[in-house]
Every structure is written in structure tokens, then in C-alpha cells.
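Survey of secondary and tertiary structure
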Amino acid sequence: GVKVHLLSHHSGNIKKTLKKYRIELLFDSITNLGRSTSKVDYIQEPLSIFIDDSFSERLEVSQKLGIYTFDTNSIESLIDWRI
């Protein structure tokens, strides 16, 4: 029941890349941003979490929106392994 939105600075065809890795169905929405566009401007839900490999983007999101941010290598901590 959790929605997952992808905000990306991918330089190629994002849908083709996601299909290649067979993860295109993982996301409820896909937004490919320009390099100079900030991801913080696209986060709409106040109860969101933000997962990204860029420290500077996590810091900006945390400071401007006050939501929790995680590095991509911390995803395991978000999984309820009891299921």
C-alpha cells in the first residue's frame, strides 16, 4: 500500500533502462528531471521518505522539507523482515 515515486537525473531513456533491469513496474510514477533541477521541488507528500545516493540532495530535502532521508545502502533498515 506504499506508493513509490522515482525522481531521476538519468541522462538516457529512463523507461528503457528500467525495463532492461526489469524494475519498471516497481514505481507508481517516473519523473526524469534535468541535471539542474532539484528533486526537492517535486516531493509533494509531507509524510514521505527520500532515498537517494547523493548526500547533497538528501541534505537539501531534509533541511527544506524536514522528512527522513536514507542512502541507497540503508534500504534494508526500512524492510520489516517479519513479513
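First, a word on what this report is: a plain description of the structure on this page. Per chain, residues are indexed from 1 in the order of the written sequence. Under the rules for a predicted model, residues below a pLDDT of 70 receive no local features and side-chain atom pairs below 80 are neither given nor counted, while totals for whole chains, interfaces and linings still include all residues. Here the side-chain values reflect all heavy atoms present in the structure, with hydrogen atoms and water set aside.

Points about the overall build of the protein chain
Looking only at helices and strands, one finds two helices and four strands in the protein chain. In this text, helices come from DSSP runs of H or I with a minimum length of four residues, and strands from runs of E with a minimum of two, each type numbered from the N-terminal end. Starting at the N terminus, the α and β elements of the protein chain follow one another as β-α-β-β-α-β. Dimensions of the protein chain, computed from the C-alpha atoms along their principal axes, are close to 35 × 30 × 20 Å. Expressed as a percentage of its 83 residues, the buried residues of the protein chain come to 25%. For the protein chain, contacts bridging at least 24 residues in sequence account for 31% of all contacts bridging at least 6. The charge count treats Lys and Arg as positive and Asp and Glu as negative. His and the chain ends do not count. Where a charge lies is defined by one atom per residue type, namely NZ (Lys), CZ (Arg), CG (Asp) and CD (Glu). Here the protein chain contributes 11 positively and 11 negatively charged side chains, and the mean placements of these two sets differ by 8 Å. Any residue under 20% of the maximum accessible area for its type is buried, any over 50% is exposed, and the rest in between are partly exposed; the area is computed with a 1.4 Å probe on protein chains only. Between two residues, a contact is recorded if the distance between any of their heavy atoms is within 4.5 Å.

Description of the pairing of strand 2 (residues 29-32)
Regular strands place side chains that alternate from one sheet face to the opposite one. By the bridge criterion, four bridges tie strand 1 (residues 5-8) to strand 2 in an arrangement that is parallel. Counted as the bridge partner of leucine 6 is isoleucine 30 from strand 2. A pair of strands is labelled paired if DSSP reports no fewer than 2 bridges between them.

Focus: the side chain of serine 54
By the element assignment, serine 54 lies in the loop between strand 3 (49-51) and helix 2 (55-65). Look at serine 54 and you get buried, because its relative accessible area is 17%.

Remarks on the nonpolar core
What we call a nonpolar core is a set of buried Ala, Val, Leu, Ile, Met, Phe, Trp, Tyr and Cys residues that are connected through their side-chain atoms within 4.5 Å. Core analysis: the biggest nonpolar cluster contains seven residues, these being Leu7, Leu33, Val40, Ile43, Phe50, Val61 and Ile67. Leave out the neighbours within four places in its chain, and phenylalanine 50 touches Lys39, Ile43, Glu57, Arg58, Val61, Ile67, Tyr68, Thr69 and Phe70.

Overview of the pattern of salt bridges
Salt bridges are defined as contacts in which a side-chain nitrogen from Lys or Arg sits within 4 Å of a carboxyl oxygen from Asp or Glu. A full pass over the atoms with the stated rule returns five salt bridges. Note that aspartate 52 and lysine 39 form a salt bridge whose closest N and O atoms lie 2.6 Å from each other. Residue aspartate 52 is found in the loop between strand 3 and helix 2, and its partner lysine 39 is found in the loop between strand 2 and strand 3; the two are separated by 13 residues along the sequence. As far as the burial class goes, aspartate 52 and lysine 39 line up, both buried. A salt bridge links glutamate 60 to lysine 64; its shortest N-O distance comes to 3.1 Å. Here the residue glutamate 60 and the residue lysine 64 both occupy positions in helix 2, the gap between them amounting to four residues, near one helical turn. The exposure class assigned to lysine 64 is exposed, which follows from its relative accessible area of 56%.

Focus on helix 2
It helps to recall that an α-helix has 3.6 residues per turn; residues three or four apart then point in one direction. Inspection of helix 2 places Glu57, Arg58 and Val61 among the buried residues, and these make up the whole buried set. Across the axial projection of helix 2, the buried residues extend over an arc of 100°, all falling on one side. More than 90 degrees from the buried face of helix 2, the exposed residues found are Phe55, Gln63 and Lys64. Residues of helix 2 that are buried make contact with strand 3 and strand 4 (68-70). An arc is given here, and it is the one of the directions from the helix axis to the C-beta atoms.

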